[in-house]
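If you want the building blocks of each chain, they are given just below.
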Amino acid sequence: MPAKEINTAFVKDKGSHKDLADISIEQRLRAIFELQLIDSKIDAIRSTLGELPLEVRDLEDDVTGLETRISNANTDLENLENAMKLKRNDIKDAQELIKKYQGQLAKVKNSREYDSLNKELEYQKLEIQVLEKKIKDLKTSYDAKKTQIEETEGLLKERKNDLKHKQNELNDMIAETKKGEEALMKKSASAQKLIEDRLLAAYKRIRSNARNGLSVVKVQRDACGGCFNKIPPQRQLDIRSRKKIIVCEHCGRILVDPELSDSVESKMSMQED
Ligand SMILES: [Zn+2]
């Protein structure tokens, strides 16, 4: 099999349930070019959705991200609250001790005991000051965190609103294009029935690799209609003879002659009317 031909002539594909032996190469070329036209129409419909599906997905990601951020910040808030509670308990303990020492101070017997109790009192008072300072710092962090949560919640509300609108817009567009797309998908499926599996697989492979989704192209101004490289005259004759399925040496696309493509195009536009 020559490198640049897809040799499908009168071969029943392995594993295929299609028996297409009676279908000539010309009929196959017509079928696959028709399939290309149908699939290109489906591509065009899908492209009318444009960036919308992507925008919806981005907004969904934003919403998830903001929700996670709020949930994390709420956990931080709880931790700060617990830390403040612990410090307040420590202050209570220190106050208890102060009360206790003051009671003992009333009953002291000597100056050594008196000095020692006063030292303890001083220490507990200082401890309370330190704890109060720590609580103040924690409260500052707490307030900042709370403000941050409020801001994030505002942003979340905005994003959710945007998402709802975009989602509705997308749903409307999908519903609008769905009917046309479904009819074309049916046409595409029935056109595929006329094409043997090996050729169909080649068609799909080329289509998925080509940026414009073109797998079958016509010869235009002595060049490949896909990559615009020149096609030698002898090769153009081979294409026009419709005895083999010939692909472009440069891009691998299946080539059809302009007369065949014109006839398929006009047949299709007549069906539409
Ligand atoms: Zn080409």
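So, how was this worked out
- Residues numbered from 1 in each chain as written.
- Predicted model: local features only at pLDDT ≥ 70, side-chain atom pairs only at ≥ 80, totals over all residues.
- Helix = DSSP H or I, 4+ residues; strand = E, 2+ residues; numbered from the N terminus.
- Rg over C-alpha atoms; globule rule 2.2 N^0.38 Å.
- Contact = placed C-beta atoms within 7 Å.
- Domains from an automatic or database assignment.
- Pairing = 2+ DSSP bridges.
- Buried ≥ 20, exposed ≤ 12 C-beta atoms within 10 Å, placed from the backbone.
- Core = buried A, V, L, I, M, F, W, Y, C linked by C-beta atoms within 7 Å.
- Axes fitted to C-alpha atoms, helices over the stretch in contact; angles between N-to-C directions.
- Parallel < 35°, antiparallel > 145°, perpendicular 65-115°, else oblique.
- Left-handed = near helix turned anticlockwise from the far one by under 90°.
- Nonpolar A, V, L, I, M, F, W, Y, C, P; charged D, E, K, R; others polar.
- pLDDT = per-residue confidence, 0-100.

K.L.:
How should the overall build of the chain be read in this particular structure?
P.N.:
Along the chain, the regular secondary structure elements total six helices and five strands. When the elements of the chain are put in sequence order from the N terminus, they spell out β-α-α-α-α-β-β-α-β-β-α. At 40 Å, the chain has a C-alpha radius of gyration far larger than the 19 Å of a compact globule built from 273 residues. When its C-alpha atoms are laid out on the principal axes, the chain stretches across 125 × 40 × 40 Å. For the chain, the proportion of contacts with a sequence separation of at least 24, taken over those separated by at least 6, is 75%.

K.L.:
Is there a simple way to explain the domain arrangement of the chain in this structure?
P.N.:
You'll often see interface size given as the accessible area lost when the parts meet. Once the domains are mapped, the chain shows domain 1 (5-23 + 194-272) and domain 2 (52-185). Each of domain 1 and domain 2 has a C-alpha centre, and the two are 66 Å apart.

K.L.:
Explain the sheet that holds strand β3 (residues 223-224) here, please?
P.N.:
Either a parallel or an antiparallel arrangement is found when strands of a sheet pair, and the pairing is made through backbone hydrogen bonds. The three strands lie next to each other as β3-β2-β5, forming an open sheet whose pairing is mixed. The open sheet has two edge strands with one neighbour each: β3 and β5 (254-256). Of the strand pairs in this sheet, strand β2 (residues 216-220) and β3 are connected by two bridges, and their pairing is antiparallel. Considered in β3, the bridge of V219 is made with C224.

K.L.:
How do you make sense of the environment of M173 when you look at a structure like this?
P.N.:
As for its position among the elements, M173 is in helix α3 (residues 111-192). Put simply, M173 and K267 are 94 residues apart on the chain and 29 Å apart in space, counted from C-alpha to C-alpha. Setting aside residues up to four positions removed in sequence, M173 forms contacts with L49 and L52.

K.L.:
How do you make sense of the pairing of β2 when you look at a structure like this?
P.N.:
Each regular strand displays side chains that alternate between the two surfaces of the sheet. Within β2, four of the five residues are buried, which leaves it mostly tucked inside the rest of the structure. As defined by bridge partners, β2 adjoins β5 across three bridges and the pair is classed as parallel. Note that in β5 the partner of V217 across the bridge is L255. If you look at the hairpin formed by β2 and β3, you'll find two residues sitting between the two strands, and R221 has a positive phi there, around 45 degrees.

K.L.:
It is not clear to me how the nonpolar core should be interpreted in this structure. Could you clarify?
P.N.:
General note: in soluble globular proteins, nonpolar side chains tend to be found buried as a group. Among the nonpolar cores identified, the biggest contains 26 residues, and I32, L35, Y203, V216, I254 and L255 are the most heavily contacted of them. It is helix α1 (residues 25-48) that provides the largest number of residues to this core, a total of six residues. Residue contacts for V216: discarding those within four places in its chain leaves I32, F33, Q36, Y203, R253, I254 and V256.

K.L.:
Please explain the packing of α1 against helix α6 (residues 258-272) as it appears in this structure.
P.N.:
If you want to describe how two helices pack, look at the angle between their axes and the distance between the axes. Orientation of α1 relative to α6, taken along the N-to-C sense of each, is 55 degrees, at an axis distance of 10 Å. Considered as vectors, α1 and α6 are oriented oblique to each other. Considering how the two elements wind past one another, α1 and α6 form a crossing that is right-handed. Of the residues in α6, those in contact with L29, R30, F33, E34 and L37 of α1 are L260, S261, V264, E265 and M268. Looking at the contact of α1 with α6 residue by residue, the class counts come to six nonpolar, one polar and three charged.

K.L.:
Even after reading the chapter, I still don't get the confidence of the model for the chain, so can you show me in this structure?
P.N.:
Atomic detail in the predicted coordinates should be set aside for any region of low pLDDT. Looking at the chain as a whole, its pLDDT mean stands at 91, while 93% of the residues score no less than 70. When mean pLDDT is taken per element in the chain, β5 scores highest with 97 and strand β1 (residues 5-6) scores lowest with 58. Within the model, the stretch residues 9-15 combines pLDDT values under 50 with seven contacts to residues more than four positions away or in other chains.

K.L.:
Please explain unusual backbone geometry as it appears in this structure.
P.N.:
Note: most residues except glycine have negative phi, and most peptide bonds are trans. Its identity as a non-glycine residue notwithstanding, D222 has a phi of 60 degrees, on the positive side. Mapped onto the fold, D222 is located in the loop between β2 and β3. One non-glycine residue, F228, lies in the positive phi region at around 65 degrees.

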